[in-house]
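# Observations on chain architecture
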Amino acid sequence: MDHEADSQRTDLMTITRFVLNEQSKYPESRGDFTILLNHIVLGCKFVCSSVNKAGLAKLIGLAGETNIQGEEQKKLDVLSNEVFVNALISSGRTCLLVSEEIEEAIFVSPSHRGKYIVVFDPLDGSSNIDCGVSIGTIFGIYMVKDESKVTIEDALQPGSNMLAAGYCMYGSSCTLVLGTENGVNGFTLDPSLGEFILTHPNIKIPRKGKIYSVNEGNARNWDEPTTKYVEKCKFPQDGLPPKSLRYIGSMVADIHRTLLYGGIFMYPADMKNPQGKLRLLYEVFPMSYLMEQAGGQAFTGKQRALDLVPNKLHERSPIFLGSHDEIEQMKELYAASKADGA
Ligand SMILES: O=P(O)(O)OC[C@H]1O[C@](O)(COP(=O)(O)O)[C@@H](O)[C@@H]1O
Ligand SMILES: [Mg+2]
Ligand SMILES: [Mg+2]
């Protein structure tokens, strides 16, 4: 019996075991990241069970509050936010939290403080909650520069400083996708065990894609490169078949499909939203990190998304995420329109 091979078998690898294996690659590690992740996993399990019984537990509908984005908060937005704030603080491994649902950053009190900064969207795809369509949670993890002097600047780091990122999709099954410098892996929750099991090891996005994903309802406000790219998807000149349009309206679900099938997801800037709609810290950066770790690209229309340095906690950014070759085409269209002085 080859014990080494057996210990690496992935067919029954829980996320906890997986992260412990990861940790063993860093002899200096004290297990802080593992503990932090275990608390994020706990939060995902809690939100997953709440989402599953939302209709029964009267968790459908509005909470009666408005968040910093001016959006009416859903009951599940508020509940998920509380769950993750509690889970992250009680991990004892965080010092600064930024949530889509809270205007100010949370500075964790010294008694509970650790070295990690977590930026998160507790419930993504809020417009799909009440109709039971896939929604999710998005998170990104940074390291603080100096644990004894935590400042708001620590939350406004470029995306390229991110250590890890992930999302949990609450859909037909509950899937947690985690990205670290060692790659992107997907875990499916087995509700009977209450365990996330590794089901999608080492996710690599296909280099090309047959799917484009965008809210075409905004088409009349799009810039020229976006309009041209979508035109090419629908009416390809090179004898290729047209691409298929898939748009769920939950970034987590649209990105999950894009990672597995290839293609492109975009929320471009337009005349109505000159900065696009999606938030840089806890939507654009984590998904860009995952996309790059999986071999894809993340482009803003002007530059590599992860090179952006945020100025504000809740700022927005246009974003094009997906297969390497699709984003290359988008870059060429923007370069051409720039050259034309558009
Ligand atoms: O309805 P639109 O304008 O297409 O926007 C859909 C986008 O907005 C979002 O719902 C915004 O996220 P939240 O639900 O977390 O606010 C994304 O998940 C999604 O990609
Ligand atoms: Mg969101
Ligand atoms: Mg949200």
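It should be emphasised that the depicted structure is a prediction, and the values quoted were computed from it without experimental measurement.

Turning our eyes to something else, we now look at the side chain of asparagine 185. Relative to the assigned elements, asparagine 185 resides in strand E9 (residues 183–190). For asparagine 185, a relative accessible area of 9% translates into the label buried. There is a polar contact of 2.7 Å between the side chain of asparagine 185 and the backbone nitrogen of asparagine 202. Other than its neighbours up to four places away in sequence, asparagine 185 contacts Phe18, Leu176, Val177, Leu178, Leu198, His200, Pro201, Asn202 and Ile203.

Looking at the magnesium ion (ligand 2), the protein donor atoms are Asp121 (OD), Asp124 (OD) and Glu283 (OE), and they sit 1.9 to 2.0 Å from it. Considered as a linear motif, the donors of the magnesium ion (ligand 2) on their single chain read D-x2-D-x158-E. The metal-metal distance between the magnesium ion (ligand 2) and the magnesium ion (ligand 3) is 3.7 Å, with aspartate 121 serving as a donor to both. Residue aspartate 121 is located in strand E5 (residues 113–124), and its partner glutamate 283 is located in helix H7 (residues 280–293); the two are separated by 162 residues in the primary sequence. For the pair formed by aspartate 121 and glutamate 283, the shared burial category is buried.

Moving on, we get to the pairing of strand E1 (residues 62–66). In terms of strand pairing, E1 meets strand E2 (residues 72–74) through 2 bridges, oriented antiparallel. Of the residues in E2, the one forming a bridge with threonine 66 is glutamate 72.

For the rest of this paragraph, the subject is the coordination of the magnesium ion (ligand 3). Looking at the magnesium ion (ligand 3), one finds its protein donor set to be Glu100 (OE), Asp121 (OD) and Leu123 (O), positioned 2.0 to 2.2 Å from the metal centre. Each donor residue of the magnesium ion (ligand 3) lies on one chain, and together they are spaced E-x20-D-x1-L.

Turning our eyes to something else, we now look at the sheet that holds strand E6 (residues 135–143). Taken together, 8 strands build an open sheet; the order of strands is E4-E3-E5-E6-E7-E8-E9-E10 and the sheet is mixed. For this open sheet the edge positions go to strand E4 (106–107) and strand E10 (195–200), each flanked by a neighbour on one side alone. Relative to E9, strand E8 (residues 174–180) is paired through 6 bridges, and the arrangement is antiparallel. Residue pairing across strands places glycine 179 opposite valine 184, the latter belonging to E9. With respect to the sheet, helix H3 (residues 32–52) is in contact with strand E3 (94–99), E5, E6, strand E7 (164–170), E8, E9 and E10, its orientation differing from that of E6 by roughly 165°.

Turning our eyes to something else, we now look at the packing of aromatic side chains. By the definition in use, this model includes 7 aromatic pairs. Plain terms: the ring middles of tyrosine 247 and phenylalanine 265 are 6.4 Å apart, the flat faces sit at 5° to each other, and that makes the pair stacked. Of the two residues, tyrosine 247 is situated in the loop between strand E12 (244–245) and helix H6 (251–261) and phenylalanine 265 in strand E13 (residues 264–267); the sequence distance between them amounts to 18 residues. Residue tyrosine 247 is classed as partly exposed on the basis of its relative accessible area of 31%. On the basis of relative accessible area, phenylalanine 265 is assigned to the buried category, the value being 2%. Judged by centre distance (5.8 Å) and plane angle (75°), the ring pair of phenylalanine 299 and tyrosine 334 falls under edge-to-face. Here the residue phenylalanine 299 occupies a position in strand E14 (residues 297–299), and tyrosine 334 occupies one in helix H8 (residues 324–339), the gap between them amounting to 35 residues. No difference in accessibility class separates phenylalanine 299 from tyrosine 334, as the two residues are buried. A network of ring pairs unites the aromatic residues Phe299, Phe320 and Tyr334 as a single cluster.

Cut-offs applied
- Residues numbered from 1 in each chain as written.
- Chains lettered and ligands numbered in written order.
- Predicted model: local features only at pLDDT ≥ 70, side-chain atom pairs only at ≥ 80, totals over all residues.
- Heavy atoms only, no water.
- Helix = DSSP H or I, 4+ residues; strand = E, 2+ residues; numbered from the N terminus.
- Buried < 20%, exposed > 50% of the residue type's maximum accessible area, 1.4 Å probe, protein only.
- Polar contact = N/O pair within 3.5 Å; in protein donor to acceptor, adjacent residues only side chain to side chain.
- Contact = heavy atoms within 4.5 Å.
- Donors = N, O, S within 2.8 Å, 3.2 Å for Na, K, Ca; no water.
- Pairing = 2+ DSSP bridges.
- Axes fitted to C-alpha atoms, helices over the stretch in contact; angles between N-to-C directions.
- Phe/Tyr/Trp six-rings, centres within 6.5 Å; stacked < 30°, edge-to-face > 60°.

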